[in-house]
Amino acid sequence: MMRTIISLALVCLAVASCNRDNNEFSNGTSDYNHTRAVGASSNDLLSSNRYNSLRIEIQYMPGYAPNAQALEHLKNFLSTSLRKDNGITIIQREIPGASSSSLSADDIRQIENTNRTLFTNGSTIAINILYTNGQYSGNANTLGIAYRNTSVALFGKVIRDNSGGLGQTSRTKLEATILEHELGHLLGLVDLGSPMQTQHKDSANGNHCNDKNCLMYYASETTDILGFILTGNIPQLDSNCKADLKANGGK
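Only a predicted model underlies this, so the values are computations on that prediction, with no experimental measurement involved. (Residues numbered from 1 in each chain as written. Predicted model: local features only at pLDDT ≥ 70, side-chain atom pairs only at ≥ 80, totals over all residues. Heavy atoms only, no water.)

Participant: When you look at the pattern of salt bridges in this model, what are you seeing that I'm missing?
Facilitator: Pairing of side chains with opposite charge becomes possible as their charged atoms draw close. Following the criterion strictly, the structure yields 8 salt bridges and no others. Note that arginine 109 is salt-bridged to aspartate 106, the shortest N-O span being 2.4 Å. Residue arginine 109 and its partner aspartate 106 are located together in helix α4 (residues 105–115), separated by 3 residues, close to a single helical turn. The exposure class assigned to arginine 109 is buried, which follows from its relative accessible area of 4%. The class of aspartate 106 is partly exposed, set by a relative accessible area of 44%. Between arginine 148 and glutamate 112 there is a salt bridge, with its nearest N and O atoms 2.8 Å apart. Placement of arginine 148 in strand β6 (residues 144–148) and of glutamate 112 in helix α4 is noted, with a sequence separation of 36 residues between them. By the burial criterion, arginine 148 is buried, and glutamate 112 matches it. What you see here is one network of salt bridges that share partners, running through Glu112, Arg116 and Arg148. (Salt bridge = Lys/Arg side-chain N within 4 Å of Asp/Glu carboxyl O. Helix = DSSP H or I, 4+ residues; strand = E, 2+ residues; numbered from the N terminus. Buried < 20%, exposed > 50% of the residue type's maximum accessible area, 1.4 Å probe, protein only.)

In structure tokens form, the structure reads like this:
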């Protein structure tokens, strides 16, 4: 049941994103459409055909600032996958907390619409990452979602409640796993914009890899991942996912 909910949530988020434009953003000054479906910007993110640098804006709510080591892991992950010769930059800033402890996909979109300030311009493409102070109304065990072509959200309270304590995995390891998994969806994995070179989609669990050791396995975006990484390392992309990214312009 949980797997079905996750799959439906991702589909709904992608569909809801398709017909919007940048006029929703209070500070939007870019001609680039940042409100398309997840994976629609995969080639732009992976290749240097149009954009040779990447800027990541991280907005976090009070008490939920990103883990510095997790961000280093994310930057290394992107550097090994993206052709961005002019570099990858991460900018952080605090935004007001949400009044509700449970956030829907529409709530998250509205928060981004109000607070996002970095947009794609010139030869630089931009991504937005939101750290919330609540949980996802669609599934309280969800740790993160990708909901637009350049946007993901992490549920800070759920991450904090499930990491860093006695008998729990480290926050760095859990947060890095979620960040890399959700950015993997923006890069078109699995079958979301980066065409599969070999069939490896786990059809029962949406756009995820069928290799349980792969970063893009479905468990990596819910608390199901906790058992996998408690004693292990941050999951890596398997050879099939790497091949998809390379074929779509990545390294």
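Resuming the write-up.
Participant: Help me understand the pairing of β6 in this model?
Facilitator: Within a regular strand, side chains alternate between the sheet's two faces. Most of β6 sits out of view: 5 of its 5 residues are buried. Between β6 and strand β7 (residues 151–155), which follow one another and run antiparallel, lie 2 residues. (Pairing = 2+ DSSP bridges.)

Participant: I'm lost on the pairing of β7 in this one. Help?
Facilitator: Here β7 lies mainly inside the structure; 5 of its 5 residues are buried. Every second residue of β7 is oriented toward a common face, with Ser151, Ala153 and Phe155 on one face and Val152 and Leu154 on the other, all of them buried. Bridging between strand β4 (residues 124–132) and β7 involves 5 bridges; their strand directions are parallel. Opposite leucine 130, over in β7, you have alanine 153 as the bridge partner. Note that β6 and β7 share 4 bridges and pair antiparallel. Across the sheet, the residue bridging to arginine 148 is serine 151, located in β7.

Participant: I would appreciate a short explanation of the nonpolar core in the present structure.
Facilitator: A general tendency of soluble globular proteins is for nonpolar side chains to be buried together. Residues Leu54, Leu78, Ile129 and Met216 are the most contacted members of the largest nonpolar core, which totals 59 residues. If you tally residues by element for this core, the top one is helix α6 (residues 171–186), at 6 residues. For isoleucine 129, the residues in contact, after removing those within four places along its chain, are Ile56, Glu57, Ile58, Gln59, Leu74, Val152, Leu154, Leu179 and Leu183. (Core = buried A, V, L, I, M, F, W, Y, C linked by side-chain atoms within 4.5 Å. Contact = heavy atoms within 4.5 Å.)

Participant: Sorry if this is basic, but what is going on with the environment of leucine 174 here?
Facilitator: Mapped onto the secondary structure, leucine 174 falls in helix α6. For the pair leucine 174 and leucine 230, spaced 56 residues apart in sequence, the C-alpha separation works out to 8.9 Å. If we ignore the near neighbours within four places in the chain, the residues touching leucine 174 are Leu143, Ile159, Asn162, Ser163, Thr169, Ile225, Leu226 and Ile229.

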